[in-house]
Every structure is written in C-alpha cells, then in structure tokens.
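Topology and contacts: notes
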Amino acid sequence: MNARQIDPPEHLYADELAFLAAADHGPRPPGWKLTPQAVVTFIAGSAGRPVQGPDGRQITIAAKFVGERALVERCVVTLAGERGLLLVGEPGTAKSMLSELLAAAVCGTSALAVQGTAGTTEEQLRYGWNYALLLAKGPSREALVPSPVLTAMTTGAVARVEEITRCLPEVQDALVSILSDRRMALPELPDDSVAYAAPGFCVIATANLRDRGVSEMSAALKRRFNFEVVPPIADFDAEVALVTRQARAAVERVGAVYTVDEAVLETLVTAFRDLRTGSTVEGWEVERPSSVMSTAEAVAVAASIGLSTAYLPGPDPLSLLPGHLVGVVRKDDSADHARLLAYWDGALRRRAEAGGRMWRQLWEQRDVLRD
C-alpha cells in the first residue's frame, strides 16, 4: 500500500473498529457496522475500562475526540434516525474530525465527502456525467457519475458535507429533497429515474460560526438537520495533551523526532486561550483578536516549532513562538497585530514581572513583534 500523509480513521483505527464490531452484539440500526453504544465508545473512549472481546481479549479504547460524551451520544442518536446532523462551532473545534470518526464507525468509510466552497456546484451533491460515454451511449447508469452523496444513498453509508454554509443557497437546497424523501430523481434516465436511499444512509454537515450569513441556510434545510454545537476545549490539560499529540504526530509523519518541551507547549496553549477567551486565568482582561485562535491553529504552530527544531536546530523553541503568533493573528485583520502587542505589553508583561521564567523569556522576545 502506498504511504499516506494522513491515514483516515477507518484505516488508522481498523483494529479497534474490527474488535468493537465483534465484541458488541447489541441492537444496531440497519446498515450500521457497529452498535450505537460501540460508536460512542470508539469516539469517546471506554473511560479507562477494558472492553471484553468474544475471544477473551480485552482492550482499553482511548478517547479520540476531546469533548463531552453527551455530545457524541446525541450525534449518534441523530444518525440513527432520519434527520441530518449539522455540527456547528468556531473554526478549529474538531468538527471535521468528529464527522470523520462518526462516519468511519457507522459505515466503515469517511471518504464520501463534499468540501463546500463558493465554487461547489449542485452536481457535486447530486451527479454528473462521463461525457464520452454520454455521447457514445446516451443517458445511462454507466455514463452517470455519482456524487459522494448519491454513492452514500445507494450503498447505505454516511455522506459528509464540509462547510455547508460556504455553498450557495441554491446548491445547499439540493439536500432538501434528499433528506426529506430519501431519494434522488434522475430525470435523464426514463427507465431508471429514481435512486432510493438504502438503510444506513445519513448526512453529516459542518458549518463554522464565523461564516454565518455567508450563505445562510434556508429554513427548509435547517428543519431537516439536528444542530449540535461543538465548543472549544474547556479543560486546559486536555487541550495541552491534544496539541502535544497532534503536533508530535505531524512531525513524526515526515520522519523527524519531536523534541519540543511540554513547558513550551503549555505556554503556547495558555497564550492561545488568553487571546481566544479575552481573559487570563488571573482574571486580567485581554483584547481578543478577530483572527481564529483555535486549537487547530495551536497545533499548527506547535508542529511548525517542532519541524524547525528538527530541521533547523539552534534557537530555543520558545523564541520561535512570537513570530508564529504574529503569523496567526495577521491572517484576517492587520489591526490584530496591535492587539497582540497590547497582550504582550499587558498580561504577558505582568506574568514576566511576577517571576515566570517562560513568560520572562517571551517578554524578552517582544521586538520580534514589531514591524
């Protein structure tokens, strides 16, 4: 098998999925690979308790999504019914990762996905044509090119639509009849003019709250989804652990060794949380930048620092943080640069004066922030 930069969850956790499928014989919705309980366990973990397999083997399932178990349970219950699941939240809150994990556990593949953009067309949600076959043989199933959504319908799988609010409203509304009638009209095929949804078919869509109003969903489409808000990670230690794990994996995928000290990552995550929430743990007010200070961005910065120390050794990893923070906050609004400087001259300076070694080192790097 060819090497992959990133393995999809159905391959990365194939052994766990096979184990859970064999271990749990409870009731499952038609077409599902796992029971709803096993899906929750796969995503949220077994809470430190080993799962008993039919052959006597036991394994402990680690949590893959950092968030409330109740959220995962509500998502699974939605997918067991006939409404779509819409995951909403700030950018970088692992909505796509949760969507992939749910799809992999429910139907065995997360690959039936459409990436929503301003250029997404209705064909990408319905079907297109192989024009060479269409000219040679006329309209036929052989000439039809199904979208991931149509493939999911006919095979009883999970279709994923990423960033649905980036699609134009008329494109989004192609899903209305699919979610309502559980079928898709194929008017070009008079003898085979309807594709019906097989048992197990469901739709997971994602939308980030920063894009609300870019292409507002119609009321008709909203009524066909259950909305679940995916919040930022509340627990500091859990966020540090996630950033560490994901950044290490990104560096190790390219064959390098991750050597960034955990204290540096704790400082990085603290700075991101301060700027994301607008306040520090000490209660000091911080002006929030308009840029997204998400966990995903923190992972990207941690990975970049790790790659730098692996390939360009020399500088203290902590000294690289200010330059990367500037890059993050200036993505959307140049005025955010001034907000970062205010954070440096406010909360960060006060921590440095209180005797925090890491914060004092960061404070001494303040000239990096100047234009």
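Because the structure is predicted, anything quoted here is derived from the model rather than measured. (Residues numbered from 1 in each chain as written. Predicted model: local features only at pLDDT ≥ 70, side-chain atom pairs only at ≥ 80, totals over all residues. Heavy atoms only, no water.)

Concerning the overall build of the protein
Quick reminder of the rule: A helix here means a DSSP run of H or I that spans at least four residues, while a strand means a run of E at least two residues long, and both kinds are numbered starting from the N terminus. Exposure categories follow from relative accessible area, calculated using a 1.4 Å probe and restricted to protein chains: below 20% of the type maximum is buried, above 50% is exposed, and the middle band is partly exposed. We get accessible surface area from the Shrake-Rupley algorithm with a probe of 1.4 Å; when it comes to residues, only the shown protein chains can shield them.
Counting secondary structure elements, the protein contains 16 helices and 11 strands. Principal-axis analysis of the C-alpha atoms places the extent of the protein at approximately 75 × 55 × 40 Å. The buried share of the protein, reckoned over its 371 residues, is 47%. Element-wise, carbon and sulfur atoms account for 53% of the exposed surface of the protein, whose accessible area totals about 17,500 Å².

Here's the deal with unusual backbone geometry
You will see that Ala-94, though not glycine, has its phi angle at about 70 degrees, which is positive. Mapped onto the secondary structure, Ala-94 falls in the loop between β3 (84–89) and α5 (95–107). Notably, Arg-182 is not glycine yet its phi reads approximately 55 degrees, a positive angle. Note on placement: Arg-182 falls in the loop between α9 (174–181) and β8 (183–185). For Arg-182, a relative accessible area of 15% puts it in the buried group.

Some remarks on helix α7 (residues 148–155)
It helps to recall that an α-helix has 3.6 residues per turn; residues three or four apart then point in one direction. Cut-off, in case you're wondering: Taken from the helix axis, the directions to the C-beta atoms give the arc we talk about.
Taken together, the buried positions of α7 are Val-149, Leu-150, Ala-152 and Met-153. Down the axis of α7, the sector holding all buried residues measures 160 degrees, keeping them to one side. Count one or two residues on from α7 and you reach Gly-156, which has phi positive near 70 degrees.

Notes on the side chain of Thr-206
The test is simple: Polar contacts, as counted here, are pairs of nitrogen or oxygen atoms within 3.5 Å of one another; within protein the pair requires one atom able to donate a hydrogen and one able to accept it, and residues that are adjacent in sequence qualify only if both atoms are side-chain atoms.
As for its position among the elements, Thr-206 is in strand β10 (residues 202–208). Here Glu-163 takes part through its backbone nitrogen, which lies 3.0 Å from a polar atom of the side chain of Thr-206.

Details of the packing of aromatic side chains
Note the threshold: Any Phe, Tyr or Trp ring, taking Trp's six-membered ring, that has another such ring centre within 6.5 Å forms a pair; planes under 30 degrees apart are called stacked, those over 60 apart edge-to-face, and the others tilted. To sit over a ring, a charge needs its Lys NZ or Arg CZ within 6 Å of the ring centre and within 35 degrees of the ring normal.
By the definition in use, this model includes three aromatic pairs. With a centroid separation of 5.9 Å and an interplanar angle of 90 degrees, the aromatic rings of Tyr-127 and Trp-129 are classed as edge-to-face. Take Tyr-127 and Trp-129: they sit in the same class, and that class is buried. Taking 6.4 Å as the distance between ring centres and 80 degrees as the angle between the ring planes, the aromatic pair formed by Tyr-343 and Trp-344 counts as edge-to-face. We note that Tyr-343, like Trp-344, is buried. For Lys-64, the ring lying beneath its charged end belongs to Tyr-13, and the centroid distance is 5.0 Å.

Section: the pattern of salt bridges
How we decide: A carboxyl oxygen of Asp or Glu within 4 Å of a side-chain nitrogen of Lys or Arg is what we treat as a salt bridge.
If you walk through the whole model with that rule in mind, you get 16 salt bridges. Glu-100 is the partner of Arg-160 in a salt bridge, and the nearest nitrogen-oxygen pair spans 3.9 Å. Highlighted residues: Arg-160 in strand β7 (residues 158–162) and Glu-100 in helix α5, separated in sequence by 60 residues. When the shortest N-O distance is used, the salt bridge between Arg-276 and Glu-239 registers 2.7 Å. Of the two residues, Arg-276 sits in helix α12 (residues 262–277) while Glu-239 sits in helix α11 (residues 236–252), which places them 37 residues apart along the sequence. Residue Arg-276 is classed as buried on the basis of its relative accessible area, which comes to 14%. Linked by salt bridges that have partners in common, Glu-100, Arg-160 and Glu-162 make up one network.

A few points about the nonpolar core
Within soluble globular proteins, side chains that are nonpolar tend to cluster in buried spots. Selection criterion: Only buried residues count toward a nonpolar core, which is a set of Ala, Val, Leu, Ile, Met, Phe, Trp, Tyr and Cys residues joined through side-chain atoms within 4.5 Å. Should any heavy atoms of two residues lie within 4.5 Å, those residues are considered in contact.
In terms of nonpolar packing, the biggest core is built from 67 residues, with Val-39, Ile-43, Leu-102, Ile-164, Leu-175 and Phe-225 touching the most fellow members. Per element, the largest residue contribution to this core is seven residues, and it comes from α5. The residues touching Leu-102, leaving out its near neighbours within four places in the chain, are Val-39, Ile-43, Cys-75, Val-76, Leu-79, Leu-85 and Ile-204. Core analysis: the next-biggest nonpolar cluster, separate from the first, contains 42 residues, Val-260, Phe-272, Ile-305 and Leu-348 among them.

Remember that the coordinates give geometry; whether it matters functionally is a separate question.
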